[in-house]
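Summary of structural features
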Amino acid sequence: MVGYDPEAKCVSSVEAAAAGSASGLVTRVLISPLDVLKIRFQLQIEQLSSRSPGAKYHGILQAVQRIFQEEGLVAFWKGHVPAQFLSVGYGAVQFMAFESLTKLVHNVTSYDGRDSCVHFACGGLAACTATVAVQPVDTLRTRFAAQGEPKIYHSLRHAVATMYQTEGPRAFYRGLTPTIIAIFPYAGLQFSFYNILQQFSEWVIPAKKKSQGNIKNLVCGSCAGIISKTLTYPLDLLKKRLQVGGFERARAAFGQVRTYKGLLDCIRQIMLEEGPGGFFKGLSPSLLKAAVSTGLVFFWYELFCSLLC
């Protein structure tokens, strides 16, 4: 099971980092198209409806068809290189920190390292650590996925140089505040609900075969991803809106663009112009992505850990 378990053979910090990196790498390849759709929906000012004048994207199927026609198949993997750096780095730091923190809590305090509350706190702290470490790569990934044709950034090196020269080093940390605010409960809920669902599934349907255990990890991870994403989604949208600040000319082909002075101004403008529903734009592909990605991350992590053990 994910997290420190004194009754089982646990992975070392290095093994946890290796398993986390591998799970992030494999998962990212599979869920990249869903991530591109989610980002495009989140950044669209117009309502996601065919009745909205000027709206470029109306729904998942229509968006897939339009992106494919206008930008080709490779568009669904835009920003894949920085996204892979993000996934590999994030997975390594998050799982290494989580395993270390749950072990520390179990050995130093009176709390059980397998408790769901411990998993919530340690999962949140581990994710915050990983987020700070990979935030610049996350910003680059968002900008690559958000840009249309003609491209503003032609390569990862060109993007880094252009952002640094025109916007300064702070540009790489745009949206960090809502990211940190959102990631603690999101990751904490992921780990705690995964733990709860694992315990519940073992009580209801004890796993007798290894293959059944792998499927159970996938299902529990998917359910945990859906629950945690639904509860914390508005903050993810705010992060994406802030990350593309100063990048307005690359967004011109997608419809209206907005400039936000900060987190509070972003909230105010969305509420005034788009209403409460504006905070949940892109929720459908995001939930689909959360279910697939979280399920696969836990599935691959558990699998790689079992191989290392």
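Along each chain, numbering runs from 1 in the same order as the chain's sequence is written. Local features in a predicted model are, by the rule used here, given only for residues with pLDDT of at least 70; side-chain atom pairs are given and counted only at 80 or more, and totals for whole chains, interfaces and linings are based on all residues. The basis for the side-chain values is all heavy atoms of the structure; hydrogens and waters are excluded.

Some thoughts on the domain arrangement of the protein
Annotation comment: domain bounds sourced from an automatic or database domain assignment. Here the domain parsing of the protein yields domain 1 (1-67 + 281-308), domain 2 (78-173) and domain 3 (176-279). Between the C-alpha centres of domain 2 and domain 3 the distance comes to 14 Å. Tallying the contact residues gives 30 residues for domain 2 and 25 residues for domain 3. For the domain 2 and domain 3 pair, buried surface summed over both sides reaches about 2300 Å², with 67% attributable to carbon and sulfur atoms. We count a salt bridge whenever a side-chain nitrogen from Lys or Arg sits within 4 Å of a carboxyl oxygen from Asp or Glu. Applying the counting criterion to the domain 2 and domain 3 interface returns 1 salt bridge. Across the pair Asp138 and Lys239 runs a salt bridge, and its minimum N-O distance is 3.1 Å. Polar contacts, as counted here, are pairs of nitrogen or oxygen atoms within 3.5 Å of one another; within protein the pair requires one atom able to donate a hydrogen and one able to accept it, and residues that are adjacent in sequence qualify only if both atoms are side-chain atoms. Remark: the boundary between domain 2 and domain 3 carries 4 residue pairs in polar contact (both at pLDDT 80 or more). Put simply, DSSP marks the helices as runs of H or I at least four residues long and the strands as runs of E at least two long, and each gets a number from the N terminus on. Counting residues per element, the ones that place at least two in the side of domain 2 that touches domain 3 are α3 (80-108) and α4 (116-146). Counting residues per element, the side of domain 2 that touches domain 3 draws most heavily on α4, at 18 residues. In the side of domain 2 that touches domain 3, the residues fall into 13 nonpolar, 11 polar and 6 charged. Here, residues are in contact when the closest pair of their heavy atoms is within 4.5 Å. Reported buried area values correspond to the accessible surface (1.4 Å probe) lost by two parts on association, with both partners' losses combined. Asp, Glu, Lys and Arg are counted as charged, while Ala, Val, Leu, Ile, Met, Phe, Trp, Tyr, Cys and Pro are counted as nonpolar; the rest, among them Gly, fall into the polar class.

Comments concerning the packing of aromatic side chains
Any pair of Phe, Tyr and Trp rings, taking the six-membered ring for Trp, is counted once the centres come within 6.5 Å. Such a pair is stacked with planes under 30 degrees apart, edge-to-face with planes over 60 apart, and tilted for the rest. Per the stated rule, a full pass over the model turns up 11 aromatic pairs. Seen in terms of ring centroids, Tyr194 and Phe298 are 4.0 Å apart; in terms of plane orientation they differ by 10°. Their pairing is stacked. With a gap of 104 residues between them, Tyr194 in helix α6 (residues 176-204) and Phe298 in helix α9 (residues 283-308) connect regions that are remote in the sequence. Of the two residues, Tyr194 and Phe298, both sit in the buried class. With 5.1 Å between their ring centres and 75° between their planes, Phe299 and Trp300 make a pair best called edge-to-face. The exposure class assigned to Phe299 is buried, which follows from its relative accessible area of 17%. Type-normalised accessible area, obtained with a 1.4 Å probe on protein chains alone, sets the label of each residue: buried when under 20%, exposed when over 50%, and partly exposed for intermediate values. Judged by relative accessible area, which is 22%, Trp300 ranks as partly exposed. Three or more aromatic residues joined by ring pairs form one cluster here, namely Phe95, Phe98, Phe191, Tyr194, Phe298 and Tyr301. Charge-over-ring contacts are defined here by two conditions on Lys NZ or Arg CZ: a distance within 6 Å of the ring centre and an angle within 35 degrees of the ring normal. Across from the ring centre of Tyr186, 4.6 Å away, lies the NZ or CZ of Lys229, which sits over that ring.

Side note on the environment of Ser100
Structurally, Ser100 can be placed in helix α3. Measuring from C-alpha to C-alpha, the distance between Ser100 and Ser201 comes to 25 Å, with 101 residues separating the pair along the chain.

Looking at the side chain of Lys229
Mapped onto the secondary structure, Lys229 falls in helix α7 (residues 210-243). Residue class for Lys229 comes out buried when judged on its relative accessible area of 9%.

Some thoughts on the UniProt feature "repeat: Solcar" (unreviewed entry) in the protein
Those residues carrying the UniProt feature "repeat: Solcar" (unreviewed entry) are residues 11-104, 114-200 and 212-307 in this numbering. Taken end to end, residues 11-104 is 72% helix and 0% strand, and its two terminal C-alpha atoms sit 14 Å from one another. UniProt positions are given in the numbering used here, feature names are shortened, and annotations may be inferred rather than shown by experiment.

A few points about the packing of helix α1 (residues 13-43) against α9
Note on method: axes are straight lines fitted to C-alpha atoms, helices fitted across the in-contact stretch only, with angles between N-to-C directions ranging 0 to 180 degrees. Two elements in contact, α1 and α9, have axes whose closest approach is 8 Å; the angle formed by their N-to-C orientations is 165°. If you check the angle between α1 and α9, you find them roughly antiparallel. Judged by the sense of rotation from one axis to the other, the crossing of α1 with α9 is right-handed. Of the residues contributing to the contact of α1 with α9, the split by class is 19 nonpolar, 5 polar and 4 charged. Between 65 and 115 degrees an angle is taken as roughly perpendicular, under 35 as roughly parallel, over 145 as roughly antiparallel, and anywhere else as oblique. Helix crossings fall into two classes, left-handed where the near helix is turned counterclockwise from the far one by less than a right angle and right-handed where it is turned clockwise.

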